[in-house]
Amino acid sequence: MAATPPRVLTIAGSDSGGGAGIQADLRTLFACGVHGMTAITAVTVQNSLGVTGYTEIPPDVVAAQIEAVASDIGVNAAKTGMLASAAIIEAVAAAVDRVDVGPFVVDPVAASMHGHQLLADDALDAVRTLLFPRATLVTPNLDEVRLITGIEVRSRADQRKAAEALHAMGPRWVLVKGGHLWDDPECLDVLYDGAEFIELVGPRYDVKHTHGSGDTLASAIASQLARGADVPSAVRFGKDFIVRSVAAAYPLGAGVGPVSPLWRLEG
Ligand SMILES: Nc1ncnc2c1ncn2[C@@H]1O[C@H](COP(=O)(O)OP(=O)(O)OP(=O)(O)O)[C@@H](O)[C@H]1O
Ligand SMILES: Cc1ncc(COP(=O)(O)O)c(N)n1
């Protein structure tokens, strides 16, 4: 019998195409050697060409999934992805107050990479006031930064300004991801704790297949927080992990393929 590995809970939506969401989280958690558990918030109808619809899971069922795994199995770290509505966010916030989920990574998913909305317009306030103050780390991309703070990030200096504005909303740490700063020859992510900026610089690969990169990064970070790593170490691990996973991305269907953590299981 093997020892029980660290346990990570992902609170997110299902991607039927297997590229992002719960499916990306579980394969990343597996590749990182931790036990993945799920609280499913929505079932999307999705393939490599985009999202054509989704059904939300009732908020009390989302909360019940969180409480079921926390009360029996135990949660060493948790991460959120697609939360769909203000009512689901309220249920998640209440659940993580009732049970211990350890370090809490909030990836404030608002839309798919094809531009399909995955979060109701009226849920942004709940993201700011209910999720961010409870978060150990928030990991918005630049579109989410604009929706949440109103700041249009066009440069590395803007990334720092956005990090300050986001930190003022209450998370312990902020990671402003720079994948969408298309003119930047590198991919810079800025980590901020209210005192110090840490720059994580990586290459910008010229690949089309980056579906699921945000989920893969946040899950890799959560896997290390579950092992007891501090936030800067966990984010450094996550950055290295996502760079290798973008390098290993593969085509799928007629549209955009997923980044792949399979490199970690090879050799
Ligand atoms: N072309 C690329 N080459 C290398 N790294 C990349 C590339 N695109 C994104 N990244 C990295 O992947 C991570 C996710 O970044 P991004 O800003 O694209 O988030 P996201 O929009 O949430 O991701 P997605 O919507 O694709 O799931 C970041 O660490 C970013 O720097
Ligand atoms: C269920 C679900 N969760 C998250 C994303 C975001 O991922 P991407 O920005 O790569 O489309 C998605 N498309 N679907």
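Predicted model only: the values in this text are computed from it and were never measured.

Q: Please explain the overall build of the protein chain as it appears in this structure.
A: Within the protein chain one finds 8 helices and 9 strands. Against the compact-globule benchmark of 18 Å for 267 residues, the protein chain has a radius of gyration of 17 Å, which places it among compact chains. Considering only C-alpha atoms, the protein chain reaches an extent of 45 × 45 × 40 Å along its principal axes. Put simply, the protein chain has 267 residues, and 54% of those count as buried.

Q: What should I look at first to understand the UniProt feature "domain: Pyridoxamine kinase/Phosphomethylpyrimidine kinase" (unreviewed entry) in the protein chain in this one?
A: Feature annotation in UniProt places "domain: Pyridoxamine kinase/Phosphomethylpyrimidine kinase" (unreviewed entry) on residues 15–259, given in this structure's numbering. Helix makes up 40% of residues 15–259 and strand makes up 20%, while its end C-alpha atoms are separated by 14 Å.

Q: Teacher, can you tell me more about the packing of helix H7 (residues 213–226) against helix H8 (residues 231–247) here?
A: When two helices pack together, you describe them by how their axes are tilted relative to each other and by the distance separating the axes. Relative to each other, H7 and H8 sit at 140°, their axes nearing to 8 Å. Put simply, H7 runs oblique to H8. Regarding H7 and H8, the two cross each other, and that crossing is right-handed. Note on element contacts: H8 touches H7 through Val 231, Ala 234, Val 235, Phe 237, Gly 238, Lys 239, Phe 241, Ile 242 and Ser 245, opposite Ser 213, Thr 216, Leu 217, Ala 220, Ile 221, Ser 223, Gln 224 and Leu 225. When grouped by side-chain class, the residues that make up the contact of H7 with H8 number 10 nonpolar, 6 polar and 1 charged.

Q: I would appreciate a short explanation of the site of ligand 2 in the present structure.
A: Residues in close proximity to ligand 2 total 13 residues, the closest being Gly 13, Gln 46, Met 113, His 211 and Gly 212. The side chain of Gln 46 places a nitrogen or oxygen atom 2.8 Å from a nitrogen atom of ligand 2. Within the complex, 91% of the 360 Å² of free accessible area of ligand 2 lies under protein. The site holding ligand 2 turns out to be the largest pocket. Of all elements in the fold, only strand S1 (7–15) and strand S2 (35–47) reach the threshold of two or more residues within the shell around ligand 2. Among the residues forming the shell around ligand 2, the class breakdown is 4 nonpolar, 8 polar and 1 charged.

Q: I would appreciate a short explanation of the sheet that holds strand S9 (residues 197–203) in the present structure.
A: Sheet architecture is open: 9 strands sit in the order S3-S2-S1-S4-S5-S6-S7-S8-S9, paired in mixed fashion. The open sheet terminates on both sides in strands that have one partner only, identified here as strand S3 (50–56) and S9. Inspection of the sheet shows strand S8 (residues 186–192) paired to S9 by 7 bridges, in the antiparallel sense. Directly across from Leu 191, in S9, lies its bridge partner Ile 198. Sitting on the sheet, helix H1 (residues 21–31) is in contact with S1, S2 and strand S4 (77–80), with an inclination near 150° to S1. Taken strand by strand, helix H6 (residues 156–167) contacts strand S7 (173–176), S8 and S9, and its axis lies near 30° from that of S8.

Q: It is not clear to me how the packing of aromatic side chains should be interpreted in this structure. Could you clarify?
A: Aromatic ring pairs: the centre-centre distance and the angle between the two ring planes describe each pair. For the structure on display, the rule yields 3 aromatic pairs. Summarising the aromatic geometry, the rings of Tyr 192 and Phe 197 are spaced 4.2 Å apart at their centres and angled 15° between planes, so their arrangement reads as stacked. By relative accessible area, Tyr 192 is classed as buried at 8%. Residue class for Phe 197 comes out partly exposed when judged on its relative accessible area of 22%. With a centroid separation of 5.9 Å and an interplanar angle of 25°, the aromatic rings of Phe 237 and Phe 241 are classed as stacked. With a gap of 4 residues between them, Phe 237 and Phe 241 both fall in helix H8, about one helical turn apart.

Q: Even after reading the chapter, I still don't get the site of ligand 1, so can you show me in this structure?
A: Taken together, the neighbourhood of ligand 1 is formed by 17 residues, with Lys 177, His 180, Asp 189, Ser 213 and Gly 214 sitting nearest. Between ligand 1 and His 180, the relevant distance is 2.7 Å, taken from an oxygen atom to a side-chain nitrogen or oxygen of the residue. Thr 210 is positioned such that a nitrogen or oxygen atom in its backbone is 3.1 Å from an oxygen atom of ligand 1. Relative to its unbound accessible area of 620 Å², ligand 1 is 92% covered by the protein chains. Placement of ligand 1 is best described as lying within the largest pocket. Those elements that place two or more of their residues in the shell around ligand 1 are S8, H7 and H8. Grouping the amino acids of the shell around ligand 1 by side-chain chemistry returns 6 nonpolar, 7 polar and 4 charged.

The rules behind these values
- Just so you know, the residues in each chain are numbered from 1, in the order the chain's sequence is written.
- Whichever chain is written first becomes A and whichever ligand is written first becomes 1, with later ones labelled in order.
- Per-residue local features are limited, in this predicted model, to residues with pLDDT of at least 70; the limit for side-chain atom pairs, both in listing and counting, is 80 or more; totals at the level of whole chains, interfaces and linings are taken over all residues.
- Side-chain descriptors were evaluated using all non-hydrogen atoms of the structure, hydrogens and water having been removed beforehand.
- Counting from the N terminus, the helices are the DSSP runs of H or I reaching at least four residues and the strands are the DSSP runs of E reaching at least two.
- This radius of gyration counts C-alpha atoms alone. The globule rule is 2.2 Å times how many residues there are, raised to the power 0.38.
- Working definition: with a 1.4 Å probe on protein chains only, accessible area under 20% of the residue-type maximum means buried, over 50% means exposed, and in between means partly exposed.
- UniProt positions are given in the numbering used here, feature names are shortened, and annotations may be inferred rather than shown by experiment.
- The axes used here are C-alpha line fits, helices contributing only the stretch in contact, and every angle between their N-to-C directions lies in the interval 0 to 180 degrees.
- For classification, angles of less than 35 degrees are called roughly parallel, those exceeding 145 degrees roughly antiparallel, those between 65 and 115 degrees roughly perpendicular, and all remaining angles oblique.
- In a left-handed crossing the near helix is turned counterclockwise from the far helix by less than a right angle, and in a right-handed crossing that turn is clockwise.
- Contacts: residue pairs with any heavy atoms within 4.5 Å of one another.
- Side-chain classes follow a simple rule in which Ala, Val, Leu, Ile, Met, Phe, Trp, Tyr, Cys and Pro form the nonpolar group, Asp, Glu, Lys and Arg form the charged group, and the remainder, Gly included, forms the polar group.
- A single heavy atom is enough: if one lies within 4 Å of a molecule or strand, its residue is considered near that molecule or strand.
- A 3.5 Å cut-off defines polar contacts: any pair of N or O atoms within that distance qualifies, except that in protein one atom must be a possible hydrogen donor and the other a possible acceptor, and neighbouring residues in sequence count only when both atoms are side-chain atoms.
- For the accessible areas, the method is Shrake-Rupley and the probe is 1.4 Å, while residue cover comes only from the protein chains on display.
- Both cavities and pockets are sets of points on a 1 Å grid over the protein atoms alone; in a cavity a 1.4 Å probe fits but cannot get out, in a pocket the set is open with protein on both sides within 12 Å along at least five of seven lines, and lining residues sit with an atom within 4 Å of a point.
- Molecules are considered to sit inside a cavity or pocket once more than half of their atoms lie within 2 Å of its grid points.
- Here, strands pair whenever DSSP counts at least two bridges between them.
- For Phe, Tyr and Trp, rings pair up if their centres lie within 6.5 Å, where Trp contributes its six-membered ring, and each pair is then called stacked (planes under 30 degrees apart), edge-to-face (over 60) or tilted (otherwise).

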